[in-house]
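# What the coordinates show
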Amino acid sequence: MNVTSCMKRNVVSVHEKTTVQEAAVILVKKHIGLLPVVDKDDKPIGVIGMSDMLTLELPDFVTFVADVDFVHDFGAVEDIHPSARTLNKTVKTLMKPAITVDEDCGLLRAYALMLQHNLHDMPVVSKAEKLVGITSRVDIGVAILSTWPKADK
Amino acid sequence: MVVPAILSIAIFFGSLILIFSEKLNRSITAIAGAALMVGLGMIFGFYSEEAALKAIDFNTLGLLFGMMILVAMLEPTGFFQYLAVLAARSSKGKPMRLFILLGIITTVLSMFLDNVTTVVLIAPVTILICEIMGISALPFLVSEALLSNTGGVATLIGDPPNVLIGSAAGLSFNDFLIYSLPIVLFSWAGAFLLLRTLFKKELSKRPRSVKAIMRLNPSETLNEPLIARRILIVLGGAILFFFVHNTLHISPSLVALSAAAIALVWVRPDIQEVLKRIEWSVLIFFGALFVMVGGLEHAGVMEAIVGLLERVSNVPPILFGVGLIWIVAALSAVVDNVPITIAMIPVIKGLGEAGMDITPLWWALAFGAGFGGNGTIIGSTANIIVTTLSEKTRHPITSKIWNKRGLPVMLMTCAIASILYTIVYNWF
C-alpha cells in the first residue's frame, strides 16, 4: 500500500501572496492544522501550520524556560494579539519549508519521515511535483492498523 | 628573532581579527591558530610541542572545568528559576523592586559562578516574568548582563580573567576578597544607581498584570529539591575551602575538581547529560589561546614589549596602573577579554622581572578586563546572550541602546575603580 490509499485528495492550499489573516480564516473555517503554500503551477513551496500562527499569540520565549509548570496565569501575555501589520504580511514570510512525499511512497516510509521531522500532516506530490493530496499521522496509522490480522472469535 | 616575532604576531593578531569580525567561530580560530603557531614554531625553531604543553595553564582549566560540572548539575534542578520566581513574588509586581532583587541575585550568583552561566539561567525566566507582568524586559536584561560582568570581578572564581590572573600571579581567593571586592562593591553600587536612573522611565510604568505574578509558585520551579540541596551543600563547602586554599597549600583548581567529584559521587547523575552541558568550547578556546600566547612568548615578542614599556617606566607607577585599567578596558570592550588577559599576563610578568612592582598591575588588569566588557554590545558573552534572547521579545536590545546604557556603566565603573585604585595604591 502507498500513501495514495489513505491521503485526502481534496487539499486546501494557499498561494504565497495570501495574507496571514486570510490563511487563519481558512484554518478556522475548514478546521484544519496545516496549509500547503503552492506556486502558480501548484507545486508546494512551503507549509504554514497552526503552530506558526500561534507563535504570534504566544511568542517562543516560553520555550526558553525548561519547564512552565510554575506559571498558572500568563497575565499580560494573554492580551498579546498579532498586530494588523503582522496579519497583513504574506504567508511567505511565516511559512516553513515543505517536506513532501511522492504519491508512490509506502506507508511505513511516509510514517518514518513524519516521525523524523516531527510532522503531523504531510503534503503528497505527483511525479511532476504537483500537489495531489495531504496525509496525516492518523490517516497513515489507521491504514496500517487496518491491515493487522483480526482476532479469532 | 625578527622572523619568529613577525610570524607569531601575525598569527595572534590574525586570530584576534577573525574572532572580532565574527568571520570564524572563536574556538575554531583558536585551535587553528594554536596548530599554526606550533607548526611554524617548529619549522622556524622558536617553539616546540613540549613548550606548547607547558604554556597551558592547567590550574585555570581545572578550576573552570570543576565549576562547570557543578553548575551543569545544578542547572536542571530548577534552582535558578526558583530564585527568579521568588524575586518576582517578593517584588509584589513592582518593577523597581523586581529590578533591585534580580540585580542583586544576578550579582551574587556571578560572584561565585561564571557570568555567562548566570545570565543564561536567569535571563529566560526574567523575560517570562516581565512578559507576564506586561512590562518590557529590556532594562532587566541589560542590567543583568552589566551587573553580572561587574560582580564577577569581585572574586577569584567570578570571572575567567580573574581565574587567569589569580593563577599567573599566585593571588588567592582571599586576596581577591581583600583587594578586589571592596573596590568592586563601590563600582557596583555606582553602576546600579546609574542603571536605576537611566531606566527610570521604563521602570516607573505600571505593570498590566500583577495578579498573575502573585500566582507564580516558586516551589513548583524546583524539579529536584533534594539534588539541588546536595549540590548547594557541596558548592558551599567548596567556597569555604576557597577561603583557606592558600593556607592549606592547595590550588583552587583542586578545590573545584574535588567538589565536582564529591557532587558527582553523591548525586550520581546521568554523566552524559552533565557532560553535554559543559561548555567545551570555552575550555578549548582557553587551551588553544595559551598555546598561541606561549608562541608569542617564545618568539621574544613579550620581551620586546616589556623593553618598550621600560622606556616609559619613568611614568609614575600609579599613573601606569590607572592607564592599564583604561587601556585593557578599551580593548576588552571591543575584543574578548580572555585573549587580552592571556596576552597581558606575560607582559606584566616581564615587567616584574625587570624590577617593577607588579602586584598593583595585576589588579589593574583585573578591573580593566572585567569592567571593559560592559562597554559594547559584543564586549562580553553575557551581553551577546541577553541581546540574542531579547530579539525574541518585542523590545530587542540594539547597539544604540547599549551605547546609551552599557557604555556609561563601563565608564562609571572604570572611573570609580581608578579613583579607589589611586587611593589604596600603597596597600596593594
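What comes next concerns the included structure. (Residues numbered from 1 in each chain as written. Chains lettered and ligands numbered in written order. Predicted model: local features only at pLDDT ≥ 70, side-chain atom pairs only at ≥ 80, totals over all residues.)

### Some words on the packing of helix α7 (residues 115-133) of chain B against helix α8 (residues 138-152) of chain B
Residue and element names in this part refer to chain B. Rules: Helix axes are fitted only over the stretch in contact, all axes being lines through C-alpha atoms; the angle between N-to-C directions runs from 0 to 180 degrees. Put simply, DSSP marks the helices as runs of H or I at least four residues long and the strands as runs of E at least two long, and each gets a number from the N terminus on. An angle counts as roughly parallel when it lies under 35 degrees, as roughly antiparallel when it exceeds 145, as roughly perpendicular when it falls between 65 and 115, and as oblique in every other case. Helix crossings fall into two classes, left-handed where the near helix is turned counterclockwise from the far one by less than a right angle and right-handed where it is turned clockwise. Throughout, a residue-residue contact means that the two C-beta atoms, derived from backbone geometry, are no farther apart than 7 Å. Gly counts as polar in this scheme, as do all residues outside two lists: the nonpolar Ala, Val, Leu, Ile, Met, Phe, Trp, Tyr, Cys and Pro, and the charged Asp, Glu, Lys and Arg.
Closest axis-to-axis distance for the α7/α8 pair is 10 Å, and the angle between their directions is 155°. On the basis of their axis angle, the class for α7 and α8 is roughly antiparallel. Relative to α8, α7 is oriented so that their crossing is right-handed. Residues N115, T118, V119, I122, A123, T126 and C130 of α7 form the contact with α8, whose participating residues are F140, L141, E144, A145, S148, N149 and G152. Split into classes, the residues belonging to the contact of α7 with α8 amount to seven nonpolar, six polar and one charged.

### Brief notes about the sheet that holds strand β5 (residues 121-125) of chain A
All names here are of chain A. Here is the rule: Here, a strand pair is defined by DSSP locating no fewer than two bridges between the strands.
Ordered in space as β4-β5-β6, the three strands form an open sheet in which the pairing is mixed. The outermost strands of the open sheet, each flanked by one partner alone, are β4 (101-102) and β6 (131-136). Sheet topology note: the β5/β6 ladder contains five bridges and is antiparallel. Within β6, the residue paired with V125 across the bridge is L131. Relative to β5, helix α4 (residues 107-117) is tilted by about 135°, and along the sheet it contacts β4, β5 and β6.

### Some words on the sheet that holds strand β3 (residues 44-49) of chain A
All names here are of chain A. Read across the open sheet, the three strands follow the order β1-β2-β3; overall the sheet is mixed. Among the strands making up the open sheet, the edge pair consists of β1 (14-15) and β3. In this sheet, β3 lies alongside strand β2 (residues 34-38) in antiparallel orientation, the contact comprising five bridges. Paired with P36 across the strands is V47, a residue of β3. The sheet strands contacting helix α1 (residues 20-30) are β1, β2 and β3, and the helix crosses β2 at an angle near 135°.

### Some words on the pairing of β6 of chain A
For a regular strand, side-chain orientation follows a simple rule: the groups alternate between the two sheet faces. Keep this limit in mind: Residues with at least 20 other C-beta atoms within 10 Å of their own are called buried, those with 12 or fewer are called exposed, and the rest are partly exposed. The C-beta atoms themselves are positioned from the backbone.
In terms of burial, β6 of chain A is largely enclosed, as five of its six residues are buried. Where β5 of chain A hands over to β6 of chain A, the hairpin turn is made up of five residues, of which E129 of chain A adopts a positive phi near 65°.

### Quick word on the packing of helix α5 (residues 79-90) of chain B against helix α6 (residues 95-112) of chain B
Residues and elements named next belong to chain B. The geometry of α5 relative to α6 is characterised by a closest axis approach of 9 Å and an angle of 155° between their N-to-C directions. One element, α5, and the other, α6, form an angle in the roughly antiparallel class. Between α5 and α6 lies a crossing of right-handed hand. Facing L83, A84, A87, A88 and S90 of α5, the residues of α6 in contact are L98, L101, L102 and I105.

### With respect to helix α19 (residues 337-353) of chain B
Residues and elements named next belong to chain B. Inclusion rule: Working rule for helices: expected span equals 1.5 Å times residues minus one.
For α19, which comprises 17 residues, the first-to-last C-alpha distance of 24 Å matches the rise-based estimate of 24 Å (1.5 Å per residue) to within 8%. Summarising burial for α19: 14 of the 17 residues are buried, a large majority. At the C-terminal side of α19, G355 shows a positive phi close to 100°.

### Quick notes on the nonpolar core
We count it as follows: Any set of buried Ala, Val, Leu, Ile, Met, Phe, Trp, Tyr and Cys residues joined through C-beta atoms within 7 Å is what this text calls a nonpolar core.
Ranked by size, the top nonpolar core spans 152 residues in total, and within it L70, M292 and L365 of chain B carry the most contacts. It is α7 of chain B that contributes the most residues to this core, 13 residues altogether. Sequence-distant contacts of L365 of chain B, defined by excluding residues within four places in its chain, comprise I165, L324, V328, T341, M344 and I348 of chain B. In terms of nonpolar packing, the next biggest core, distinct from the first, is built from 26 residues, M95, C105, L131 and V132 of chain A among them.

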